[in-house]
Amino acid sequence: QRRVYRTTTHVPQELGQIMDSETFEKSRLYQLDKSTFSFWSGLYSEVEGTMILLCGGIPFLWNLSGHISDRAGFGPEYEIVHSLVFLLLATLFSAVTGLPWSLYNTFVIEEKHGFNQQTLGFFFKDAIKKFIVTQCILLPVTSLLLYIIKIGGDYFFIYAWLFTLVVSLVLVTIYADYIAPLFDKFIPLPEGELKQQIETMAKSIDFPLTKVYVVEGSKRSSHSNAYFYGFFKNKRIVLFDTLLEDYSALNKEPTEEEDGENEETKSKTKNKKQGCKNEEVLAVLGHELGHWKLGHTVKNIIISQVS
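Quick summary incoming for the structure in this document. Predicted model, so just to flag it, every value in this text is computed and none were measured. (Residues numbered from 1 in each chain as written. Predicted model: local features only at pLDDT ≥ 70, side-chain atom pairs only at ≥ 80, totals over all residues. Heavy atoms only, no water.)

1. A word on the packing of aromatic side chains
Right, on to step 1. Considering all chains together, one arrives at 15 aromatic pairs under this definition.
Right, on to step 2. Ring centres 5.5 Å apart and planes at 40° place the aromatic pair Tyr 44 and Trp 101 in the tilted group. Placement of Tyr 44 in helix α2 (residues 21-54) and of Trp 101 in helix α4 (residues 79-112) is noted, with a sequence separation of 57 residues between them.
Right, on to step 3. When its relative accessible area of 32% is taken as the criterion, Tyr 44 is described as partly exposed.
Right, on to step 4. Ring geometry for Phe 123 versus Phe 124: centroids 5.6 Å apart, planes at 90°, classification edge-to-face. (Phe/Tyr/Trp six-rings, centres within 6.5 Å; stacked < 30°, edge-to-face > 60°. Helix = DSSP H or I, 4+ residues; strand = E, 2+ residues; numbered from the N terminus. Buried < 20%, exposed > 50% of the residue type's maximum accessible area, 1.4 Å probe, protein only.)

Below you can see the structure in the form of structure tokens.
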């Protein structure tokens, strides 16, 4: 794949009518940089994991967790507390060692290719918030899982599997309504031609659409996407504001209130209008709804649970 990125310097004939050479070249160079980054970050991850195993990093962290829980008044009989301290330290270590890679990806690669919209302050605030929210979910779930393992007897793995299945389904259900809004602003897509076209397309394949939201993704990146979520007859569609010409903050003049706050974001906004025409938005969304129509989501859940 990397060889393809390096050697394919002209627009393939099949794309000649729909992509200009400038856009193709930008895409090629971006993918080449991402490929290089992926190789080195992946290599680092393998080396780090190997060194942790060879140098006894996991037993060291387990013993350190024991000392911390002992000093907090929780003796050896409090195995779950000991395990939670271990998990907290392990995720903290992972977050710290992964931070330089994340910073480089955001402020070097994404910045170089014009996608990054974050300030350094926003980046760290977001990272801290993500870590706290993750711990608020991970620690209680893990403590319950460990308790089930302790009392489950010979068939503990069956009960543990059922528990993780329920947790997975609950998290998928509540993520977009309760967790994602902690990080991004969601607003209903206003009435208009696009909303009507989306509803018509959903109806044509019997997709049980109830709401369409626009999420403010432009404060992080100018990348765009769309997804759907929800179970049974209660499906919602989410469009990134960067996908839509009419709603993207990247295409709007800042108000006086925002003017002082978003100097860096404003300076990164290009003169060229960003986003897709309605037909292009429907094409992106059609891809996502195709996954639903072909049952890919349900099939993936079944395959992962069987595995």
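2. What about the pattern of salt bridges?
Right, on to step 1. Applying the stated criterion to the full structure yields 10 salt bridges.
Right, on to step 2. The partner of Asp 184 in a salt bridge is Arg 220, and the shortest N-O contact between them spans 2.3 Å. Taken together, the residues Asp 184 in the loop between α6 (156-179) and β1 (186-188) and Arg 220 in the loop between β2 (209-215) and β3 (226-229) connect sequence positions 36 residues apart.
Right, on to step 3. Residue Arg 220 is classed as buried on the basis of its relative accessible area of 16%.
Right, on to step 4. It is possible to trace a salt-bridge network through shared partners that takes in Asp 126, Lys 130, Asp 184, Lys 219 and Arg 220. (Salt bridge = Lys/Arg side-chain N within 4 Å of Asp/Glu carboxyl O.)

3. Observations regarding the pairing of strand β4 (residues 235-240)
Right, on to step 1. Most of β4 is tucked away: five of the six residues are buried.
Right, on to step 2. Across six bridges, the pairing between β2 and β4 is parallel. The residue of β4 that forms the bridge with Lys 211 is Arg 236.
Right, on to step 3. Note: β3 against β4, four bridges, orientation antiparallel. If you follow Tyr 227 over to β4, its bridge partner there is Val 238.
Right, on to step 4. Count of turn residues in the β3/β4 antiparallel hairpin: five residues, of which Gly 230 carries a positive phi of about 110°. (Pairing = 2+ DSSP bridges.)

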